[in-house]
Every structure is written in structure tokens, then in C-alpha cells.
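Chains, contacts and geometry: an overview
So you can see what is in the structure, the chains are spelled out below.
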Amino acid sequence: MLRLLFQSIEQSLGPFLSQAAAVIYWSGLILVACAVLIPAYRVLMEYAAARRSLEQHWVMTCRSCGKLTIVTGRLCGHCDGELDIPWALRRWAALPTRRRGTWARRLKWAGHLLGSAGFLLLSIWVTTAVGALAPQGELHRLFIGFALMAWAEVGWFGGRMLRLDPRGMLTRVGDALMALAAIGAMAIALFFADAARPISETQLARFTTFQGVARIGEQLIPLARGEVGFEYLQLDHELLGYRRIIAAGFSSGERVALPRNAIAQGIVNHLRQHAVGYTNRGLTVRLRTERILVSPNQTYEVIQREGQVLIRRVGESSSAAGNR
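Anyway, here's the lowdown on the structure attached to this text. (Residues numbered from 1 in each chain as written. Predicted model: local features only at pLDDT ≥ 70, side-chain atom pairs only at ≥ 80, totals over all residues. Heavy atoms only, no water.)

What to know about a nonpolar patch on the surface
Condition: For patches, a residue must show more than 30% relative accessible area and have no salt bridge; joins then use 9 Å for like charges and 5 Å for nonpolar side chains, namely Val, Leu, Ile, Met, Phe, Trp and Tyr. All accessible-area figures derive from a Shrake-Rupley calculation using a 1.4 Å probe, and residue coverage is judged against the displayed protein chains alone. When a carboxyl oxygen of Asp or Glu is within 4 Å of a side-chain nitrogen of Lys or Arg, the pair counts as a salt bridge. Numbered from the N terminus, helices here are DSSP runs of H or I no shorter than four residues, and strands are runs of E no shorter than two. To sort residues, take the accessible area from a 1.4 Å probe on protein chains only and compare it with the maximum for the residue type: under 20% means buried, over 50% means exposed, and anything in between is partly exposed.
A contiguous nonpolar surface patch, about 510 Å² in accessible area, is contributed by Met169, Val173, Leu177, Leu180 and Ile183. Structurally, Met169 can be placed in helix 6 (residues 169-196). Met169 sits in the exposed class, given a relative accessible area of 62%.

Quick look at the structure:
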């Protein structure tokens, strides 16, 4: 159902989809880079300001003397007159002015840098795990871009929540909720990105048909009843979720083995001879044959798609081959 929906979206949007996907994708990468670099840049600026004895303060104009004064309490720093600031506002305005010792500031900077480094490593792992650096198709690129945007928000709000600054509990709870919402948005985007990923195909062999014969490499085999069979070994391990297809050869009027080196041929022979023993140990070894009626003067290919083997004419769509 999702694939049909994605196909209709691609057909409806046309060239606009490529442009939108590129904008969203690169915007996501830039936002992730900003989420990594901005905290480190902030620490660098705070270090430079501390070396020059620069401090941040709240200031206001005193109503009594008319001078600009630093807000450190309820009284003016020049005339000792009342500033008439409510207690809650005075406490909130005094937060950035709390002085820290040298070791406290260094510990804060070290914590922020470690957090940025950890988020950088997590970002590298996430981008490689989801294939963000090699998107497959425009829809996949689009949803990957949305996922990267959500990941940047996770880093931004998560960093705000964990910052070693005197911040209120409600503010941290709000940042935590926003980070959780971003994680949910990222999970949804990755789900759609995985569904939009094109089905990977691997070509196993190729042959050309003529009147009554088929040409496989340099060999010709007669076509019995106009039919060609492709033999292959299928290895399955249900517990590990492992599946492997190993091409064996073609059969029609006679059998033609596919060329391979001595080591690969020895492995194939070993698996066929000890199929029962491997099956008893959980690895099922099956020798299967995929057959198709062919038309003369056509080129066919054998592909592996989603663990299945299909034979189709070159240039024929995967859906048409699967329907046959």
C-alpha cells in the first residue's frame, strides 16, 4: 500500500519532488552540523570572555537617581534607592550574574564539550546506520532530510535540558518534552524512509535466446519445449534471519554450470553433499530451479530481489516479472 502511495506521489509531483527533496535533505544536514558546532562555539566564546573578564548582567535605569545600574538585588548600586523589582523577577534576573569559580567554569565547559563530542559521535552513527549519506531515490532523500531535521532538534533541546546552567525545572521539563517529540517525529520519518527505499536487485546471470537455442556466455543449449530453468542453492537460517542465493547453472535440453573459481565450486559441492547435515543444524540448504517460457531473439536476466529469484526480459519492470 505504501509503495503504491509513494509511486502516486512521485508521479504527481514530478520534477518538483527532486528539488524539494534536495532542499529538505541539505537543510537537515546543515541543522545537524549546527547542533554539533554551536555548543562548541558557545564554549569558545565564554572562554574568550572569561579571559577578558567580561560578564553578563541585567541593567536598568534607577527611578531615583536616573542612572543606569546593574541589577544585583533590590537596591540601586549608585543611590541605594529601591528599584521596585518584584521578588520573583529579581531572582530570575539574578541567575546569569551568579559568579562561578575558575574550576566550576572549567568543569562546565568540559561538560559541554563532552556533550558536543558525544552528540557528534551519535550523529555519525545515526547517519551511517540509516544510510543518510547515500540516499536511494528522491522520496528516500526527502524522508531522510526530515529525519535529520528531527535529529537536530533532539540535539538542540536535549542539550538545553542537560546544560550545566542555573535554569528552572519547568524549563528543563519543557525541553525534555520537545526532545521526546522530536524523537517520535524522527522515528516516523525513518519508517517512511525505509518504506520509500527502492527494492534492491542483484543480477545473477544473463542469457540470450534464438530459434530453438539459448546462448549462455559462450555456450549454446537447446531449448526443450521453449523453456529455460535456472538452478540455484538457497541457504536459510530462520533463527538468524539469514538467506543467501548461490547461482548454480542453467538447464533445458542439457545442463550448463555457471563459471566460477575452484574455491567457490568446492563450496557449492560441499553444501550440496552435506545438505542434510546442515539442515539438522538449522541451516537449510535447498537446490531450486526457476523456470520460464522464453521467446526467440530476446535477452533475459536472472535477478535476486527481496530473497527471491526472478527471470525477466531485459528492460521489463520488476512488477511485470513478478506478476508472471
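What about the packing of helix 5 (residues 138-162) against helix 6?
Quick note on the threshold: Whenever a helix is involved, its axis is fitted only over the stretch in contact; in every case the axis is a line through C-alpha atoms, and angles between N-to-C directions fall within 0 to 180 degrees. The scheme is simple: roughly parallel for angles under 35 degrees, roughly antiparallel for over 145, roughly perpendicular for 65 to 115, oblique for anything else. Helix crossings fall into two classes, left-handed where the near helix is turned counterclockwise from the far one by less than a right angle and right-handed where it is turned clockwise. Residues are grouped as follows: nonpolar covers Ala, Val, Leu, Ile, Met, Phe, Trp, Tyr, Cys and Pro; charged covers Asp, Glu, Lys and Arg; every other residue, Gly included, is treated as polar.
At their nearest, the axes of helix 5 and helix 6 sit 8 Å apart, and the two run at 165° to each other. Here helix 6 runs roughly antiparallel to helix 5, going by the angle between their axes. Seen along the crossing, helix 5 lies across helix 6 with a hand that is left-handed. Residue classes in the contact of helix 5 with helix 6 are distributed as 23 nonpolar, three polar and four charged.

Quick look at the sheet that holds strand 5 (residues 219-222)
Basically, it comes down to this: Paired strands are those between which DSSP finds at least two bridges.
A sheet is described by the order of its strands in space; here five strands give the open sequence 5-4-3-10-11, paired in antiparallel fashion. If you trace the sheet from one side to the other, it starts and ends with strand 5 and strand 11 (308-313), each paired once. The average undirected angle you get between the axes of adjacent strands in this sheet is 30°. Here eight bridges tie strand 3 (residues 201-209) to strand 10 (residues 298-305), and the two strands are oriented antiparallel to one another. Considered in strand 10, the bridge of Arg206 is made with Glu301.

Regarding the packing of aromatic side chains
How two aromatic rings sit relative to each other is given by the distance of their centres and the angle of their planes. The following threshold applies: Side-chain rings of Phe, Tyr and Trp (the six-membered ring for Trp) are treated as a pair once their centres are within 6.5 Å; stacked means planes under 30 degrees apart, edge-to-face means over 60, and tilted covers the remaining angles.
Inspection of every chain in the model, using the stated rule, returns eight aromatic pairs. An angle of 25° between the planes, with centres 6.1 Å apart, marks the rings of Phe230 and Tyr232 as stacked. For the residue pair Phe230 and Tyr232, the accessibility class agrees, reading buried in each case. Taken together, a centroid distance of 5.2 Å and an interplanar angle of 65° make the contact between Phe230 and Phe250 edge-to-face. Note that Phe230 is positioned in strand 6 (residues 227-237) and Phe250 in strand 7 (residues 242-251), a separation of 20 residues in sequence. Take Phe230 and Phe250: they sit in the same class, and that class is buried.

Considering the sheet that holds strand 8 (residues 255-257)
Applied cut-off: Any two residues whose heavy atoms approach within 4.5 Å are treated as being in contact.
Read across the sheet, four strands follow the order 8-7-6-9 without closing on themselves; strand pairing throughout is antiparallel. A single partner strand is all that each edge strand has here, and the edge strands are strand 8 and strand 9 (284-293). Adjacent strand axes in the sheet meet at a mean angle of 35°, parallel and antiparallel pairs treated alike. In terms of strand pairing, strand 7 meets strand 8 through three bridges, oriented antiparallel. Across the sheet, the residue bridging to Ser251 is Arg255, located in strand 8. Where helix 7 (residues 262-273) meets the sheet, its contacts fall on strand 6, strand 7, strand 8 and strand 9, and the angle it forms with strand 6 comes to roughly 75°.

Focus: the layout of surface pockets
We apply this condition: In this analysis, the protein atoms alone were mapped onto a 1 Å grid. Cavities are point sets where a 1.4 Å probe fits without being able to get out; pockets are open sets with protein on both sides within 12 Å along at least five of seven lines; lining residues have an atom within 4 Å of a point. Grid points are joined across faces, edges and corners, and a volume is the space filled by probe spheres set on the points.
Size it by volume and the second largest pocket reaches roughly 490 Å³. Every residue lining the second largest pocket is counted, 20 residues in all, and those nearest its centre are Pro39, Gly155, Gly158, Gly159 and Arg160. Listing elements by their share of the lining of the second largest pocket, those giving two or more residues are helix 2 (15-51), helix 4 (102-129) and helix 5. Among the residues making up the lining of the second largest pocket, the classes are represented as eight nonpolar, seven polar and five charged.

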